[in-house]
Amino acid sequence: MRTYTNVKDLDDLNAAVKEALEIKKNRYAYKHLGENRTLLMVFFNSSLRTRLSTQKAGMNLGMNTMVLDINQGAWKLETERGVIMDGDKSEHILEAIPVMGSYCDIIGVRAFAQFENKEDDYQEKILNQFIRYSGKPVFSMEAATGHPLQAFADLITIEEYKKSARPKVVLTWAPHPKALPQAVPNSFADFMNEADVDFVITHPEGYELDSKFVRGAKVEYNQDKALAGADFVYAKNWAAYADPNYGKILSKDTSWTVTTGKMALTNNAYFMHCLPVRRNMIVSDDVIESPQSIVIQEAANREISAQTVIKRMLENL
Ligand code: CP
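All values derive from a computational prediction rather than experimental measurement. (Residues numbered from 1 in each chain as written. Predicted model: local features only at pLDDT ≥ 70, side-chain atom pairs only at ≥ 80, totals over all residues. Heavy atoms only, no water.)

J.: How would you summarise the packing of helix 3 (residues 93–102) against helix 5 (residues 125–133) if you had to cite specific residues and measurements?
T.: Think of two packed helices as two axes; the pair is described by the angle between the axes and how far apart they sit. The interhelical angle for the contact between helix 3 and helix 5, taken along N-to-C directions, is 55°, at an axis separation of 9 Å. Relative to helix 5, the element helix 3 is oriented oblique. The element helix 3 and its partner helix 5 pack so that their crossing is right-handed. Across the interface between the two elements, Ile93, Leu94, Ile97, Pro98 and Met100 from helix 3 touch Ile126, Gln129, Phe130 and Tyr133 from helix 5. For the contact of helix 3 with helix 5, the residue count by class is eight nonpolar, one polar and no charged. (Axes fitted to C-alpha atoms, helices over the stretch in contact; angles between N-to-C directions. Helix = DSSP H or I, 4+ residues; strand = E, 2+ residues; numbered from the N terminus. Parallel < 35°, antiparallel > 145°, perpendicular 65-115°, else oblique. Left-handed = near helix turned anticlockwise from the far one by under 90°. Contact = heavy atoms within 4.5 Å. Nonpolar A, V, L, I, M, F, W, Y, C, P; charged D, E, K, R; others polar.)

Written out as structure tokens, the structure reads:
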């Protein structure tokens, strides 16, 4: 594997989940693969889970790991070509990327959508420059339009907890005070559309996601109807995608918050969220603290999804 930016990079998804579950049983069995290899993780945005789980995954594989926080101590980077650099940006990303590549064997990049220009966000300008100019295998640690390590961990978690061969999985929008990117719901939809699940997306009108990710999934605007009989409820906020409202908050309707009343509509569903989560906006205290909440197990599987991806990259070096 040379790049990991979406579900297609895993090829056979069932085989990838199987491999991940094998790795989970013995996560230190592949230490030889990473000997004298270096993982560089570059963060343009904040992180708790991705930073720790990916670093742990690299260490499980015997790698040396380095973390660069672009906004804390690195030179401020110019990302546009042709700009006269007479402002506050000291270094161009076109020099910075190959330099970073020269110090490592594999690079993970986190670069969120900026909501300034939809085309730039959906062209994955920053991630793709790393792929093009670093000379090294690159994986997404959440980019503008996708969070494939999260979605892979979500699928592993569903595989571990499902009680039927084809569970009903509902992705529900929920309110949030800030405008959040569509990366997590995009990737979750991308993975669920490839998985053996009955997948439904529910959100208020105006929050339609890019059809490239929704594909043939059922979209139900009535949250109660969508939740009926669900085996897994995956809550997430996202800002509007469709023009002219790209990046805007259209609703903070707390009737979409996942409460015990909402969970009572389901088939005793498990509650999932990628975290961090705003309690009593996205989900009530009662639900996230209930035995049906598997958010911690889901976060723990981030180590496994990252390790599976990095292992495949190491095997291909
Ligand atoms: N879910 C997730 O990516 O968490 P962090 O933003 O803390 O890395």
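That shown, we press on.
J.: Lay out the side chain of Thr145 with the relevant residues and their values.
T.: The residue Thr145 is located in the loop between strand 7 (138–140) and helix 6 (148–161) in this model. In terms of polar contacts, Thr145 uses its side chain to reach the side chain of Glu124, at 2.6 Å. (Polar contact = N/O pair within 3.5 Å; in protein donor to acceptor, adjacent residues only side chain to side chain.)

J.: Outline the sheet that holds strand 7, listing residues and values.
T.: Read across the open sheet, the five strands follow the order 1-7-6-2-3; overall the sheet is parallel. The open sheet is flanked by strand 1 (3–4) and strand 3 (64–69), the only strands paired with a single partner. Examined bridge by bridge, strand 6 (residues 106–110) and strand 7 share three bridges and lie parallel to one another. By the bridge assignment for strand 7, Gly108 is matched with Phe139. (Pairing = 2+ DSSP bridges.)

J.: Can you lay out the nonpolar core for me, pointing to particular residues and giving the numbers?
T.: Residues Tyr4, Phe139, Phe152, Phe191 and Phe199 are the most contacted members of the largest nonpolar core, which totals 59 residues. Residue contributions to this core reach at least three from each of two domains, namely domain 1 (3–146 + 302–315) and domain 2 (149–299). Dropping the residues within four chain positions of it, Phe139 is found in contact with Tyr4, Leu39, Thr54, Ile106, Ile107, Gly108, Val109, Leu149, Val309, Ile310 and Met313. Listed in part, the 19 residues of the second largest apolar core include Ala226, Ile288, Val295 and Ala299. (Core = buried A, V, L, I, M, F, W, Y, C linked by side-chain atoms within 4.5 Å. Buried < 20%, exposed > 50% of the residue type's maximum accessible area, 1.4 Å probe, protein only. Domains from an automatic or database assignment.)

J.: Describe in detail the pairing of strand 9 (residues 198–202), supporting the description with residues and values.
T.: If a strand is regular, its side chains alternate between the two faces of the sheet. Where burial is concerned, most of strand 9 is hidden: four out of the five residues are buried. Inspection of the sheet shows strand 8 (residues 168–173) paired to strand 9 by five bridges, in the parallel sense. Bridge pairing in strand 9 links Thr172 to Thr202. Taken together, strand 8, helix 7 (residues 183–194) and strand 9 constitute a β-α-β crossover, and its handedness is right-handed. The sheet contact formed by strand 9 and strand 10 (residues 218–220) spans three bridges and is parallel. Bridging from a neighbouring strand, Thr202 pairs with Glu220 of strand 10. (Right-handed = clockwise from strand over helix to strand, strands pointing away.)

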